[in-house]
Amino acid sequence: VLCFILFLSAFFSAFGCKNQNDVGGAVGFYDMQIEYENEKITGSLTYTFYKNAKELGENRVCFNLYASAAFKKDAGTSVNCVKLNDANAEFEFLGDNDEFLCVFTPSGIKADDKIYIEFETILSHTNKRLGITEKCVNAAYFYPVKCVYSNGEYCMRPYSAFGDPFFTDFANYS
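About the criteria used
- Residues numbered from 1 in each chain as written.
- Predicted model: local features only at pLDDT ≥ 70, side-chain atom pairs only at ≥ 80, totals over all residues.
- Heavy atoms only, no water.
- Salt bridge = Lys/Arg side-chain N within 4 Å of Asp/Glu carboxyl O.
- Helix = DSSP H or I, 4+ residues; strand = E, 2+ residues; numbered from the N terminus.
- Buried < 20%, exposed > 50% of the residue type's maximum accessible area, 1.4 Å probe, protein only.
- Contact = heavy atoms within 4.5 Å.
- Pairing = 2+ DSSP bridges.
- Polar contact = N/O pair within 3.5 Å; in protein donor to acceptor, adjacent residues only side chain to side chain.
- Phe/Tyr/Trp six-rings, centres within 6.5 Å; stacked < 30°, edge-to-face > 60°.

**Q** So what's going on with the pattern of salt bridges? Which residues, and what values?
**A** Side chains that differ in charge, positive against negative, can pair when their charged atoms come close. Considering all chains together, one arrives at 2 salt bridges under this definition. The closest approach of N and O atoms between E120 and K40, which form a salt bridge, is 4.0 Å. Taken together, the positions of E120 in strand β8 (residues 114-122) and K40 in strand β2 (residues 40-49) put the pair 80 residues apart, joining distant regions of the chain. Residue classification places K40 among the partly exposed positions, given a relative accessible area of 30%.

The structure is reproduced here in structure tokens:
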């Protein structure tokens, strides 16, 4: 548990930005509340779109659920609630293992729109980027991660257990 807390503390200190007006190259902002207990991460996140987000105007937003793709059966990420600007939002899961969450935005995405997601990630005992080891909890990509939007579409690539095949947009965290 200590390793997990130290990881999160270092991660948010290094990459967080308190001033949302100073976005740099970031296209969005993750505000997360999380808790780890009994091999499970529960939490919520609110993703806010900045004015320089490439997908402004699109009618859906897609998120990677890496834990669902990595563990397939005995663990993964479940989504309990999704809201768009404080109203319940329609959503669907895509992929062989429901590893993508797509949230529908009927009026098109606008700057300052907020997507709220409640989630629970159950971890597996494995020595990989996301899992419980004998001495530590590895918590890479435990939360819904917004898919990169490029060339007019979301990049929804299948999970790979080898190498470092993932890429994400630059974002601010709190």
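**Q** Explain the side chain of K146 residue by residue, including any values.
**A** Position of K146 relative to the elements: it lies in strand β11 (residues 145-146). By relative accessible area, K146 is classed as buried at 2%. Dropping the residues within four chain positions of it, K146 is found in contact with Y30, Y47, F49, E55, V61, C62, F63 and D169.

**Q** Now, about the sheet that holds β2: what can you tell me, with residues and values included?
**A** If you walk across this open sheet you meet the 6 strands as β5-β4-β8-β2-β1-β14, and the pairing is mixed. The strands lining the two open edges of the sheet, one partner per strand, are β5 (87-88) and β14 (171-173). When strand β1 (residues 28-37) meets β14, the two strands line up parallel, connected through 3 bridges. Pairing of G28 across the sheet is with A171, part of β14.

**Q** Lay out the side chain of E55 in plain terms, naming residues and giving numbers.
**A** Locating E55 in the fold gives a position in the loop between β2 and β3 (60-64). Assessed through its relative accessible area of 1%, E55 is described here as buried. Side chain to side chain, E55 and K146 meet in a polar contact 2.8 Å long. Apart from residues no more than four positions distant in its own chain, E55 is found in contact with F49, I109, K146, Y149 and Y154.

**Q** Tell me about the sheet that holds strand β7 (residues 100-104), and name the residues and values.
**A** Pairing is antiparallel in the open sheet, where 4 strands are placed in the order β6-β7-β3-β11. Where the open sheet ends on each side, the last strands, each with one partner, are β6 (91-94) and β11. Direction of pairing for β6 relative to β7: antiparallel, over a ladder of 4 bridges. Across the sheet, E92 pairs through a bridge with C102, a residue of β7.

**Q** Summarise the packing of aromatic side chains; cite the residues concerned and give the values.
**A** Per the stated rule, a full pass over the model turns up 11 aromatic pairs. With a centroid separation of 4.7 Å and 10° between ring planes, the pair formed by Y30 and Y173 is classed as stacked. With Y30 in strand β1 and Y173 in strand β14, this residue pair connects regions lying 143 residues apart in the sequence. The pair formed by Y30 and Y173 is uniform in burial state, with each residue classed as buried. Here F91 and F93 contribute two aromatic rings whose centre-to-centre distance is 5.7 Å and whose plane-to-plane angle is 85°, an arrangement assigned as edge-to-face. The class for F91 is partly exposed, based on a relative accessible area of 32%. Judged by its relative accessible area of 31%, F93 falls in the partly exposed class. Of the aromatic side chains, those joined through ring pairs into one cluster are Y30, Y47, F49, F63, F119, F142, Y143 and Y173.

Functional significance is not addressed by these values, which are geometric in nature.
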